[in-house]
Number of protein chains: 2
Amino acid sequence: MQVRMKSKIKFIGFVAASIDGRIARGKKSGTNWTSREDWNFFQQALAKMDAVIVGRNTYEIAKTKLKRRNTIVLTSQSALKQNGSATFLNSVKHNLVKFLREKKHKKVAIVGGGKIYDYCLRHQMLDELFITIEPYVFTSGVSMFLGKEFKKYPFMLVSVKKLNKKGSLLLKY
Amino acid sequence: MQVRMKSKIKFIGFVAASIDGRIARGKKSGTNWTSREDWNFFQQALAKMDAVIVGRNTYEIAKTKLKRRNTIVLTSQSALKQNGSATFLNSVKHNLVKFLREKKHKKVAIVGGGKIYDYCLRHQMLDELFITIEPYVFTSGVSMFLGKEFKKYPFMLVSVKKLNKKGSLLLKY
């Protein structure tokens, strides 16, 4: 739970990371290293969401899996574009929150990558944050939040759950 | 607990990090953002250690506090140098484990920064790992492990402890 004012739309971040806060090997790598238990949690959580926000790279990786979900792909291309259930939106040219309101989306999942998590955090669009810490250290790779500036965003820990025997850990903030 | 063979010397890593796996703003920044509860845990844990391994930058920051501890500062300078309780050692020129054995150090704390954690992990010198996750997101700064290559080092979660009300979390691997 981030310490901030309430908005009507609820933005909920989902992150799967290593112990050292990495979410992938590279920009175009998937998250096939996460536990089955995290995957199950993630799918059950997504089923309750009205829409999903992703970045371009994450979309390219997860395209097939997102086919039946209302997906907003944040992109640098200007034109608002629709492709099946996916809307490509440039948040500088178009008002993202207004778009979500018009579509009557109340619960919106933020599912990455690192630039998207950072964008949503900076724009007060991260009311809750679920982090699964898988029991690995990667020592390199893409960081969870890719910000340009060091800032101290306070969160409140809500709950901790051990997902399996090897110690995948689900944190709710 | 890292999944590996036992060594006679026990190496125990101590890390304080943000939710997104950052340990400091920059290379020369301190960790004054950590909770009192983590500080107390860390001091009590250090009291049971025979020696402490740090990198050059961490040493410069924590010098005064390390004055009474057997400290090994990993450095790129060739000559083995002693300064009070601190030994400056180049691990390419000198055998670190042999040095620790000669000094009869059985319990050795690894306290950072990111390059040192990575060095110890790569050299099977991280038998246990204590990570305190403070409830902040930094979006930028120094990562916990500063490796050059993406690798999947497996760990086993041993325990989880909530240190305070706001949710500083102590993980033991």
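Structural data are supplied above this passage.
Residues numbered from 1 in each chain as written. Chains lettered and ligands numbered in written order. Predicted model: local features only at pLDDT ≥ 70, side-chain atom pairs only at ≥ 80, totals over all residues. Heavy atoms only, no water.

## Observations regarding the nonpolar core
- The biggest cluster of nonpolar side chains holds 74 residues, and the ones touching the most others in it are Ile53(A) and Ile53(B).
- Core analysis: the second largest hydrophobic core is formed by 20 residues, Tyr59(A), Val73(A), Ala86(A) and Val111(A) among them. (Core = buried A, V, L, I, M, F, W, Y, C linked by side-chain atoms within 4.5 Å. Buried < 20%, exposed > 50% of the residue type's maximum accessible area, 1.4 Å probe, protein only.)

## Let's talk about the relation of the copies chain A and chain B
- Overlay of chain A on chain B (RMSD 0.0 Å): rotation 180°, translation along the axis 0.0 Å. The superposition of one copy onto the other is thereby described by a two-fold rotation axis. Judged by C-alpha distance, Gly21(A) is the residue of chain A that lies nearest the rotation axis, at 2.1 Å.
- Taken as a fraction of all interface residues of chain A, those also at the interface in chain B reach 100%, which identifies the copy contact as same-surface. (Least-squares fit on C-alpha atoms with pLDDT ≥ 70 in both. Contact = heavy atoms within 4.5 Å.)

## A closer look at the pattern of salt bridges
Residue and element names in this part refer to chain B.
- Under the criterion given, the structure shown has 12 salt bridges over all chains.
- When the shortest N-O distance is used, the salt bridge between Glu128 and Lys10 registers 3.0 Å. Here Glu128, found in strand β8 (residues 128-134), pairs with Lys10, found in strand β1 (residues 10-18); they are 118 residues apart in sequence, far enough to count as distant.
- Judged by its relative accessible area of 13%, Glu128 is buried.
- A relative accessible area of 34% means that Lys10 is categorised as partly exposed.
- Residue Glu60 pairs with Lys63 through a salt bridge whose shortest N-O separation is 3.0 Å. (Salt bridge = Lys/Arg side-chain N within 4 Å of Asp/Glu carboxyl O. Helix = DSSP H or I, 4+ residues; strand = E, 2+ residues; numbered from the N terminus.)

## Some points on the sheet that holds strand β7 (residues 107-110) of chain A
All names here are of chain A.
- Taken together, the nine strands give an open sheet; going across it, the order is β5-β6-β4-β3-β7-β1-β8-β13-β12, and neighbouring strands pair in mixed fashion. Every other strand in the sheet has two partners, leaving β5 (81-83) and β12 (159-162) as the edge strands with one partner each. Taking the axes of each pair of neighbouring strands and ignoring which way they run, one obtains an average angle of 20° across the sheet.
- Of the strands in this sheet, β1 (10-18), β3 (51-55), β7, β8 (128-134) and β13 (169-172) touch helix α1 (residues 36-46), which is tilted by about 170° from β1. (Pairing = 2+ DSSP bridges. Axes fitted to C-alpha atoms, helices over the stretch in contact; angles between N-to-C directions.)

## What about the packing of aromatic side chains?
- Applying the stated criterion to the full structure yields 22 aromatic pairs over all chains.
- Considering the side-chain rings of Trp33(B) and Phe138(B), the 4.9 Å spacing of their centres and the 85° angle between planes classify their relative orientation as edge-to-face. Here Trp33(B), found in the loop between β2 (22-24) and α1 (36-46), pairs with Phe138(B), found in the loop between β9 (136-137) and β10 (142-143); they are 105 residues apart in sequence, far enough to count as distant. As far as burial versus exposure is concerned, Trp33(B) and Phe138(B) are alike and both buried.
- Feature note: the residues Phe14(A), Trp39(A), Phe41(A), Phe42(A) and Phe130(A) constitute an aromatic cluster, connected by ring pairs.
- Looking at Lys81(A), its charged tip hangs above the ring of Phe88(A), at a distance of 5.4 Å from the centre.
- The ring of Tyr136(A) carries Lys152(B) above its face, with NZ or CZ at 4.6 Å from the centroid. (Phe/Tyr/Trp six-rings, centres within 6.5 Å; stacked < 30°, edge-to-face > 60°. Lys NZ or Arg CZ within 6 Å of the ring centre and 35° of its normal.)

## A closer look at a positive patch on the surface
All names here are of chain A.
- Together, Lys8, Arg101, Lys104 and Lys106 make up a region of like positive charge exposed at the surface.
- Summarising the element assignment, Lys104 is placed in the loop between α3 (96-102) and β7.
- Judged by relative accessible area, Lys104 falls into the exposed class, the value being 68%. (Patch = residues over 30% accessible without salt bridge, like charges linked within 9 Å, V, L, I, M, F, W, Y side chains within 5 Å. Areas by Shrake-Rupley, 256 points an atom, 1.4 Å probe, with all protein chains shown as cover. Lys, Arg positive; Asp, Glu negative; His and termini not counted. Charge placed at Lys NZ, Arg CZ, Asp CG, Glu CD.)

## So, the interface of chain A and chain B
- Opposite the 41 residues of chain A that make contact, chain B presents 41 residues.
- Buried surface at the junction of chain A and chain B, summed over both partners, amounts to about 3,400 Å²; 66% is from carbon and sulfur atoms.
- The tally of links between chain A and chain B comes to zero salt bridges.
- For the pair chain A and chain B, the number of links is 14 residue pairs in polar contact (both at pLDDT 80 or more).
- Listing elements by their share of the side of chain A that touches chain B, those giving two or more residues are β2 (22-24), α4 (114-122), β8, β9 (136-137), β11 (153-154), β12 and β13 of chain A.
- Per-element accounting of the side of chain A that touches chain B gives the leading share, three residues, to β8(A).
- Residues that form the side of chain A that touches chain B fall into these classes: 24 nonpolar, seven polar and 10 charged. (Buried area = accessible area lost by both parts, 1.4 Å probe. Polar contact = N/O pair within 3.5 Å; in protein donor to acceptor, adjacent residues only side chain to side chain. Nonpolar A, V, L, I, M, F, W, Y, C, P; charged D, E, K, R; others polar.)

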